[in-house]
Every structure is written in C-alpha cells, then in structure tokens.
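# Observations on the three-dimensional arrangement
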Amino acid sequence: MAGQDPALSTSHPFYDVARHGILQVAGDDRFGRRIVTFSCCRMPPSHELDHQRLLEYLKYTLDQYVENDYTIVYFHYGLNSRNKPSLGWLQSAYKEFDRKDGDLTVWPRLVLNSRLKRSSHLSLRKYWDYRYKKNLKALYVVHPTSFIKVLWNIFKPLMSHKFGKKVTYFNYLSELHEHLKYDQLIIPPEVLRYDEKLQSLHEGRMPPPTKTPPPRPPLPTQQFGVSLQYLKDKNQGELIPPVLRFTVTYLREKGLRTEGLFRRSASVQTVREIQRLYNQGKPVNFDDYGDIHIPAVILKTFLRELPQPLLTFQAYEQILGITCVESSLRVTCCRQILRSLPEHNYVVLRYLMGFLHAVSQESLFNKMNSSNLACVFGLNLIWPSQGSSSLSALVPLNLFTELLIEYYEKIFSAPEASGEHSLAPRQQGSRAAPLQEAVPRTRATGLTTPTLPPSPLTAARRRL
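Read on for a plain summary of the structure. Per chain, residue numbering runs from 1 following the sequence as it is written. Per-residue local features are limited, in this predicted model, to residues with pLDDT of at least 70; the limit for side-chain atom pairs, both in listing and counting, is 80 or more; totals at the level of whole chains, interfaces and linings are taken over all residues. Values shown for side chains rest on all heavy atoms present in the structure; no hydrogens or waters enter the calculation.

## Describing the packing of aromatic side chains
Any two aromatic rings considered together are summarised by their centre-to-centre distance and by the angle between their planes. Between 30 and 60 degrees the pair is tilted, below 30 it is stacked and above 60 it is edge-to-face, where a pair is any two Phe, Tyr or Trp rings, Trp via its six-membered ring, whose centres lie within 6.5 Å. Enumeration according to the criterion identifies 13 aromatic pairs in this entry. Measuring from ring centre to ring centre gives 5.8 Å for F14 and Y57, while their planes differ by 40 degrees; the resulting arrangement is tilted. With F14 in the segment before α1 (15–18) and Y57 in helix α2 (residues 51–62), the pair connects residues that are 43 residues apart, well separated along the chain. One exposure class covers both F14 and Y57, and it is buried. A centroid spacing of 6.1 Å and a plane angle of 75 degrees characterise the contact between F262 and F355, whose relative ring orientation is edge-to-face. Of the two residues, F262 sits in the loop between α11 (242–254) and α12 (268–279) while F355 sits in helix α16 (residues 343–360), which places them 93 residues apart along the sequence. Each member of the pair, F262 as well as F355, carries the same accessibility label: buried. The rings of F224, F246, Y278 and F302 are connected pair by pair, giving a single aromatic cluster. Numbering goes from the N terminus for both helices and strands, where a helix is a DSSP run of H or I of at least four residues and a strand is a run of E of at least two. Each residue is assigned to one of three classes by its accessible area relative to the maximum for its type, calculated with a 1.4 Å probe on protein chains only: buried under 20%, partly exposed between the two thresholds, exposed over 50%.

Following this line, the structure appears as structure tokens:
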C-alpha cells in the first residue's frame, strides 16, 4: 500500500515531505531500470507542503539512482486546486531536470578532465543536474488530463527534442504492463480506485464506491489539523496551543479596537503560507503582513481545523437544547454543559472566551458585540460529528456562544461564586423571560452604546 514508509524516521532529513509518501522507489521496468513513482494524490494542500523542499527531496531521492538509467511513473490523479504547485514552481523544477544539450555537452568530459578539481561549484552542480536528464530513459504519465496537455503545450517550446520523446501517456494502469514489472509498483489505493472507476465507465458498468484514504502522520511541529492533546504533548505540556496564544496576544495588543474584527477575510494564499510556517515550526511575525485581520483569520482557521470541535461532539445535542431553557437559567445551563468538557478543552475555551469578552467590551469602536462575535465563532466552536449543522441549529449554537462571551465572568467563575440555582425543565405554556432581563446592568460610563442593527439571532431570541 502506498503511504508512509514504516521505516521512515523523524530524523530523516526530509521527513516533513517524505511522510506523505509522494515519492516511492520500487521495482524495475522491462529493461531492468529502477522505477521512481510520483503520486499527486499524496500531495497535501499547498499550505502544508513546501514545494521547494519537495523539489529538493526529489533530487535527494534521485541522487541515489541517477548514476544508472531510471524511469519515472507519474500518477496524475489527485492533483487539484488545493495542492497544485504554481506554474512558476513547475518551470523552475523543469529547469532543474532538463537543460539544452548544447549547453551541457562539455560536462561529461569535465568529469574525466583533471581540471574539474579546479572548476567552480556551479560547474559541478550543472553536471549533477545533467545526470537527471541524461539517465532518465522514460517518463510515464498515468491518467493525464487536459491540465497536463495544457502544461505540455506551455513547456514544449522550452524542452529539448530528446526529452520530449521520453514522455508517454497512459489512460489506464493496465497499459503499464508491457513496459514494466507492474506487480512491483507501489500504487496508491486512491489511484487504483480511480482507475477501476475509469474502466467501469469505459465498459458501461457502475463505478465502485469511493473510500476515504488513511490519515497521514503529522509533523512534530504541526499546529493545524491536529488534536489539543497532540499540541500539548509537543509543547512541553502547555495547555494553550501556540497559534491560539500568539494570535490572541497580538490581537489584544494591536487589534481590540479594529472595526469589523473577525468579520473580514484575508488572502487564501497568505493564510496558507502562514499555516505552512507554523506547521514547520518557523516563526511568524504578523507585522510583516500589515493587516490586522490576518491573525484574526488564522485564529478562526485554527479552531475550524481541529479534528474535534473545541466544545466536543458530545456536547452538540445539549447545546441545541439551550433555547428550551428559561432565559434566567441559561447561564447556569451553560455552566453545567461545560462541566462535561475534558479539562483541556475547558481551559482552552476559557482562554478564548476571555479574549472574546474583551473584544466585545470594545464594541463602541470595533462594532463587534457578543452577538456579532457569536455569529462568527459559533460554527467554529461546535459542529456535528456527521454532516454539517442545519439552518435551524444556527440559532441555538450562536445563542450558546453569545452567552459564553456575554457572561464570561459568571460562567467561568468558581461554582460557589456564581450562586447557581438548580435547573428545572421549561414548563409547557410558561413564558420565557427575554434574554435582556438576564443581562446585568452596566455601570454608567458617560459613553453611549452604539445602535447596532438587530441580527437574525437577536430577533429569534426575542421570540423565545
């Protein structure tokens, strides 16, 4: 099965790339040449992979075999907009492996010439690059698409005639049999299923059901898409994840009064770049980006990419029932729901809600009161284990989030300090007190609270 080599160690110089199983070396073709496979379906989203490192890893792998003839099998299936390298990177990669013959005819002779000892490092590097092209005897492209054909037309004027003759397209895996020892190939399960689907469509049969590929091991420095426990274990027992702490600290210092905080978007490319830096354990300086909304987006992205929501799947149904609780008892209900959270989740949630409460206290300037913040963060804190939240679920999910922000000090205080009352089920026919009655009066400050347009959540809450 394609995937990570079980013998792969985290001490591998290219572990951050090798763990994905993009490159595999196994088997020989009919002429006894070593085969290297490249599987696009194993490439993660661009923000999780440094493509320059991928190129270096490819060269590192080929260096072990290019002294002799070799063959590359390229499985194109799985390349999409999320993991596709830029055209600039493709062009630079091509330049690494193909140079015009007229520029390089001297390099083999240089190797035999004693003057090579005095030649520059650049000359030696060009010779090594020359080997990649010279000893590559065949490049088999499996499951080509129109994208590949467009690329071919773009790069064809730059390619040497000899290199172009080495490229062969195969629409089905079965076509590889006559060229190499097929049973020795390491083919990803995703490619096998895709090929079976193509064969079925070609023969008029129903395609087989799709399956989810197995998960890949995270980097030791991974920050996005991993559990709170993983982050704790990799950060010396620190409960607050680094990304959360860095973004919150930065926004507390420089963004509390930014109008529309958490409402604005950011460049997808920028977000992916910052995710990649964090995942590789590299420092991120938000001052370099000149946009206070970028750390806000990174914070929301971090929460959204947790394998399990911060409020946990188990609490989902309980949270949906918040609208059936008397308004005067909802804060107590929130406290009881939070008691069921794992301690780690509770600590992280308390840290986040403390920050969002501070943001809401500056709503005169940032226009982000607890209701507006709840609309932004509700679905980033809780979602169902299967499928997505329905429209009818948005009201209770956002209401619960609003309560956590608005009554932060009461909900997250010690039980004896909150003066809790026992919860009673809502009686049929009884009228629920409006949420405003449960809001404590604020001290006179001489400031006028800005008039904000009522949100759908507020209107729905008033009808409860």
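## Focus on the pattern of salt bridges
Salt bridge, as used here: a side-chain nitrogen of Lys or Arg that lies within 4 Å of a carboxyl oxygen of Asp or Glu. One pass over the full model with this rule turns up 7 salt bridges. A salt bridge links R257 to E362; the nearest nitrogen and oxygen atoms lie 3.0 Å apart. Within this pair, whereas R257 is found in the loop between α11 and α12, its partner E362 is found in the loop between α16 and α17 (363–366), the two being separated by 105 residues in sequence. Between R276 and E273 there is a salt bridge whose closest N-O contact spans 2.7 Å. Here the residue R276 and the residue E273 both occupy positions in helix α12, the gap between them amounting to 3 residues, near one helical turn. Salt bridges sharing partners connect three or more residues here, namely D50, E273 and R276.

## Describing a positive patch on the surface
Patches here are clusters of residues that have more than 30% relative accessible area and form no salt bridge, with a 9 Å joining cutoff for like charges and a 5 Å cutoff for nonpolar side chains (Val, Leu, Ile, Met, Phe, Trp, Tyr). Only the protein chains shown count as cover for residues, with accessible areas throughout obtained via the Shrake-Rupley method and a probe of 1.4 Å. Only four residue types enter the tally: Lys and Arg on the positive side, Asp and Glu on the negative side, with His and both chain ends excluded. Charge positions are represented by NZ for Lys, CZ for Arg, CG for Asp and CD for Glu. A surface patch of positive charge is lined by K134, K137, K162 and K165. In this structure, K134 sits in helix α6 (residues 121–134).

## Observations concerning the packing of α16 against helix α18 (residues 370–381)
Simply put, an axis is a line fit to the C-alpha atoms, just over the touching stretch for a helix, and the angle between two N-to-C directions goes from 0 to 180 degrees. Two elements in contact, α16 and α18, have axes whose closest approach is 10 Å; the angle formed by their N-to-C orientations is 155 degrees. Classified by the angle between their axes, α16 and α18 sit roughly antiparallel to one another. Handedness of the α16/α18 crossing: right-handed. Of the residues in α18, those in contact with L352, M353, L356, V359 and S360 of α16 are S370, L373, F377 and L381. When its residues are assigned to classes, the contact of α16 with α18 shows 7 nonpolar, 2 polar and no charged. Orientation is classified from the angle alone, with under 35 degrees giving roughly parallel, over 145 giving roughly antiparallel, 65 to 115 giving roughly perpendicular, and any other angle giving oblique. By convention the crossing between two helices is left-handed if the near helix lies anticlockwise of the far one by an angle smaller than a right angle, and right-handed if it lies clockwise. Two residues qualify as a contact provided that any one of their heavy atoms is within 4.5 Å of a heavy atom in the partner residue. The nonpolar class holds Ala, Val, Leu, Ile, Met, Phe, Trp, Tyr, Cys and Pro. Asp, Glu, Lys and Arg form the charged class, and all remaining residues, Gly among them, are polar.

All we've got here are geometric facts, nothing functional implied.
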